[in-house]
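Chain by chain, the residues:
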Amino acid sequence: SHVLLIPFISGYLIHTRKDGLPRTFAPAVAAALPFLLAGLGAWAAHRGVFGALKLSHNDALALAASGFVATVIGGGFLFFGTALMRAVAFPAAFLLFMVPLPDAWVDALETASKFASADASAL
């Protein structure tokens, strides 16, 4: 699965830029708070804190992975600050590819592909 490979690619991308990264860190609590709250909320929803959610396995995995990514990005802001997170914006955003698409999105994309394929074959 590509999910295990994405953090290593992000780490490599950060490693290639290590000479240009800021050396001083100033924690940015205000920037970290939305990400940490989103990560905590996704974790709580995944664990069923808000009540039993009827999620498919893929939706539960998407919720857990998105919570993890949000927490990692929030931790980056909290511990390293905005200067470093601005410098590693692409590798941090690349972590979103760890999150599998929820079933509703997959169904919508498959339906759109079917209609586009039918239109192309009609031409």
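None of these values were measured; they are calculated from a predicted model. (Residues numbered from 1 in each chain as written. Predicted model: local features only at pLDDT ≥ 70, side-chain atom pairs only at ≥ 80, totals over all residues. Heavy atoms only, no water.)

*Asks:* Hey, could you run me through the nonpolar core in this one?
*Replies:* One recurring pattern in soluble globular proteins is that nonpolar side chains are buried together. Residues Ile6, Val69, Ile73, Phe77, Met85, Leu95 and Met98 are the most contacted members of the largest nonpolar core, which totals 13 residues. Looking at this core, the elements that each hand over two or more residues are helix 3 (57-80), helix 4 (82-87) and helix 5 (89-94). The element contributing the most residues to this core is helix 3, with three residues. Apart from residues no more than four positions distant in its own chain, methionine 85 is found in contact with Ile73, Gly76, Phe77 and Ala92. (Core = buried A, V, L, I, M, F, W, Y, C linked by side-chain atoms within 4.5 Å. Buried < 20%, exposed > 50% of the residue type's maximum accessible area, 1.4 Å probe, protein only. Helix = DSSP H or I, 4+ residues; strand = E, 2+ residues; numbered from the N terminus. Contact = heavy atoms within 4.5 Å.)

*Asks:* Is there a simple way to explain the environment of isoleucine 6 in this structure?
*Replies:* You can see isoleucine 6 is positioned in helix 1 (residues 6-16). Linking isoleucine 6 and leucine 95, residues 89 residues apart in sequence, is a C-alpha distance of 6.3 Å. Beyond its immediate chain neighbours, meaning those up to four positions away, isoleucine 6 contacts Phe94, Leu95, Phe97 and Met98.

*Asks:* Could you clarify how one ought to interpret helix 3 in this entry?
*Replies:* Each full turn of the α-helix corresponds to 3.6 residues, which orients residues three or four apart in the same direction. With 24 residues, helix 3 ought to run about 34 Å at 1.5 Å a step, and its terminal C-alpha atoms sit 34 Å apart, in line with that. Three or more residues of helix 3 are buried, namely Ala60, Ala62, Ala65, Gly67, Val69, Ala70, Ile73, Gly74, Gly75, Gly76 and Phe77. Turning to helix 3, the residues buried within the fold contact helix 2 (29-47), helix 4 and helix 5. Just downstream of helix 3 lies glycine 81, where phi reads positive at about 95°. (Expected span 1.5 Å × (residues − 1).)

*Asks:* Explain a nonpolar patch on the surface here, please?
*Replies:* Taken together, the side chains of Leu33, Leu37, Leu40 and Trp43 make up a nonpolar region of the molecular surface, amounting to roughly 440 Å² of accessible area. Checked against the element boundaries, leucine 33 lands in helix 2. (Patch = residues over 30% accessible without salt bridge, like charges linked within 9 Å, V, L, I, M, F, W, Y side chains within 5 Å. Areas by Shrake-Rupley, 256 points an atom, 1.4 Å probe, with all protein chains shown as cover. Salt bridge = Lys/Arg side-chain N within 4 Å of Asp/Glu carboxyl O.)

*Asks:* Looking at this structure, how should I read the confidence of the model for the protein chain?
*Replies:* Close inspection of predicted coordinates is inappropriate in any region flagged by low pLDDT. Chain-level pLDDT for the protein chain is 90 on average; 97% of the residues reach the 70-or-more range. Of all the helices and strands in the protein chain, helix 2 carries the lowest mean pLDDT, 91, while helix 5 carries the highest, 95. (pLDDT = per-residue confidence, 0-100.)

*Asks:* How do you make sense of the side chain of serine 10 when you look at a structure like this?
*Replies:* By the secondary structure assignment, serine 10 is in helix 1. Among the residues examined, serine 10 registers a relative accessible area of 4% and is labelled buried. Those residues in contact with serine 10 that sit more than four places away from it in its chain are Pro91, Phe94 and Leu95.

*Asks:* Would you take a moment to explain the packing of aromatic side chains for this structure?
*Replies:* For any two aromatic rings, the description comes down to two numbers: the centre-to-centre distance and the angle of the planes. Evaluated as defined, the whole model comprises four aromatic pairs. On the numbers, 5.9 Å between centres and 35° between planes, the contact of phenylalanine 90 with phenylalanine 94 is tilted. On the criterion of helical spacing, the pair formed by phenylalanine 90 and phenylalanine 94 is a turn pair, its members being four residues apart in helix 5. Given a relative accessible area of 17%, phenylalanine 94 falls into the buried group. (Phe/Tyr/Trp six-rings, centres within 6.5 Å; stacked < 30°, edge-to-face > 60°.)

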